[in-house]
Amino acid sequence: MSKACLVDLTKCIGCRACQVACKQWHNLPPEPTRFQGTGGCYENPPALSAKTYTRITFHELVDQNGDLETCVFVKRQCMHCDDPACVAACPVTALRKSDDGPVTYDSYKCIGCRYCVLACPFGVPTADWDTPFPQIHKCDFCFDRIEEGEAPDKVNGIALDDAGSQARFAETQATPACMKVCPTGALKFGDRDELLKEAQERIAAEPTEYVKHVYGEKEVGGTNWLYISPVSFDKLNFRTDLPTRSIPDHSVWALKAVPAAVVGLGAVLGGIYWVTKRRDEVEAEHESTTNA
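Residues numbered from 1 in each chain as written. Predicted model: local features only at pLDDT ≥ 70, side-chain atom pairs only at ≥ 80, totals over all residues. Heavy atoms only, no water.

(A) Up close: the overall build of the protein. Assigned secondary structure in the protein consists of eight helices and 11 strands. By the burial criterion, 37% of the 292 residues in the protein qualify as buried. Partitioning the intrachain contacts of the protein with sequence separation of at least 6 by distance along the chain shows that 57% fall at a separation of at least 24. Element-wise, carbon and sulfur atoms account for 55% of the exposed surface of the protein, whose accessible area totals about 17100 Å². (Helix = DSSP H or I, 4+ residues; strand = E, 2+ residues; numbered from the N terminus. Buried < 20%, exposed > 50% of the residue type's maximum accessible area, 1.4 Å probe, protein only. Contact = heavy atoms within 4.5 Å. Areas by Shrake-Rupley, 256 points an atom, 1.4 Å probe, with all protein chains shown as cover.)

If you want it as structure tokens, here you go:
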């Protein structure tokens, strides 16, 4: 069953522990930034990058009188679409959608074409411009933590000498790093269907606390990151113009038509060639008869 994360924006306090945990787990270097501090923007770093796979955005919302109404923090990262446009656009299969939910990336296959950057409706993949041959980077949902497998015998050289300690270690690792450190329960990891059900239950239980919308349930065919929010998502700079069909599904009819078109074109060209050749043969026979 596909794994997912439910993000409850009413619980996020903007502590950015998830950003730090992501950096640590992926061994990502720091990047120099500066405090923006203008237009209600208190965010660092300013955008996702090859060195930052997840970030917290800050939103000050005011009422009709211009008075502060509420503040909302939003964790942003790859949405891990059910039918990813980036995977469909990649010509070398460097990106792959796993059955568990994550969209993974193989840097050894990447040729730096950046088609995925253009295809992603959420603007997630970013290129590493500090290298001679820029490759893309993005959140991988900590697939190496959530993949099922046997617990190791040792961790950092320390033996896990009994089945109980191995089981406990496996349990702690079976969660993406960002969710492991969230102190308020704003992030919840589990089966996608169960999280969708829980999201709907939370909205129904407190209709004044949430807008009636689970973002990611249907957008672009569904994603493995799901959000519930106290305010409409357009106020938080989420794209609300996305179709409910996946991006690749819009072009599948054209792709299916390619083989038939190739065969049909081949038949037409073959017919033209046969007619032209036969005409030349008839003319040659006519000339031969006339000369005789």
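(B) Structural detail: helix 1 (residues 17–26). All of the buried residues along helix 1 are Cys18, Gln19, Ala21 and Cys22. Projection of helix 1 onto a plane perpendicular to its axis shows the buried side chains occupying an angular sector of 165°, all on one side. Immediately downstream of helix 1, the backbone of Asn27 shows phi near 55°, a positive value. (Arc of directions from axis to C-beta.)

(C) Up close: the sheet that holds strand 1 (residues 3–8). Read across the sheet, three strands follow the order 10-1-11 without closing on themselves; strand pairing throughout is mixed. Each of the sheet's edge strands pairs with one partner strand only, and the pair in question is strand 10 (187–191) and strand 11 (225–228). This sheet shows a mean twist of 25° between the axes of neighbouring strands, independent of strand direction. Along the sheet, helix 7 (residues 192–205) makes contact with strand 1, strand 10 and strand 11, crossing strand 10 at roughly 130°. (Pairing = 2+ DSSP bridges. Axes fitted to C-alpha atoms, helices over the stretch in contact; angles between N-to-C directions.)

(D) A look at the environment of His80. Looking at the element boundaries, His80 is found in the loop between strand 3 (68–76) and helix 2 (85–89). By relative accessible area, His80 is classed as buried at 0%. Spatially, the C-alpha atoms of His80 and Thr223 are 5.6 Å apart, while their sequence positions differ by 143 residues. Those residues in contact with His80 that sit more than four places away from it in its chain are Lys97, Gly101, Pro102, Val103, Lys138, Cys139, Asp140, Phe141, Thr223, Asn224 and Trp225. Of note is the side chain of His80, whose polar atom sits 2.9 Å from the backbone nitrogen of Val103. (Polar contact = N/O pair within 3.5 Å; in protein donor to acceptor, adjacent residues only side chain to side chain.)

(E) Representation of the nonpolar core within the structure. Counting 36 residues, the largest nonpolar core has Leu9, Phe122, Tyr215, Trp225 and Tyr227 as its most contacted members. Of all the elements in the fold, those that place two or more residues in this core are strand 1, helix 1, strand 2 (55–62), strand 3, helix 6 (177–181) and strand 11. (Core = buried A, V, L, I, M, F, W, Y, C linked by side-chain atoms within 4.5 Å.)

(F) Focus on the state of the cysteines. In this structure the tally under the stated criterion is zero disulfides. With no disulfide of its own, Cys81 lies closest to Cys120 among cysteine sulfurs, the gap being 6.4 Å. Its relative accessible area of 10% is what places Cys81 among the buried residues. Not part of a disulfide, Cys182 finds its nearest cysteine sulfur in Cys15, a span of 6.3 Å. (Disulfide = S-S within 2.5 Å.)

(G) Focus on the pairing of strand 2. Across the eight residues that make up strand 2, a large majority, six, are buried. Strand direction decides the pairing type here: strand 2 and strand 3, joined by eight bridges, are antiparallel. What sits directly across from Thr57, in strand 3, is Val74. Counting the residues between successive antiparallel strands, the hairpin from strand 2 to strand 3 contains five residues, one of them, Gly66, with a positive phi of roughly 85°.

(H) Focus on the packing of aromatic side chains. In total, this model carries seven aromatic pairs according to the counting rule given. Where Phe141 meets Phe189, the ring centres are 6.1 Å apart and the plane angle is 75°; that geometry is what we call edge-to-face. Separated by 48 residues along the polypeptide, Phe141 in the loop between strand 7 (136–137) and helix 4 (143–146) and Phe189 in strand 10 bring together distant segments of the chain. Pairwise contacts between aromatic rings join Tyr215, Tyr227, Phe233 and Phe238 into one cluster. Its guanidinium or amino end placed over the ring of Trp25, Arg145 lies 4.5 Å from that ring's centre, counting from NZ or CZ. (Phe/Tyr/Trp six-rings, centres within 6.5 Å; stacked < 30°, edge-to-face > 60°. Lys NZ or Arg CZ within 6 Å of the ring centre and 35° of its normal.)

(I) The arrangement of the pattern of salt bridges in detail. Scanning the model with the defined rule gives eight salt bridges in all. Between Asp8 and Arg202 there is a salt bridge, with its nearest N and O atoms 2.8 Å apart. Taken together, the positions of Asp8 in strand 1 and Arg202 in helix 7 put the pair 194 residues apart, joining distant regions of the chain. Taking the relative accessible area as the measure of exposure, Arg202 reaches 17% and is therefore buried. A salt bridge links Asp249 to Arg245, with the shortest nitrogen-to-oxygen separation between them at 3.0 Å. The exposure class of Asp249 is partly exposed, given its relative accessible area of 31%. (Salt bridge = Lys/Arg side-chain N within 4 Å of Asp/Glu carboxyl O.)

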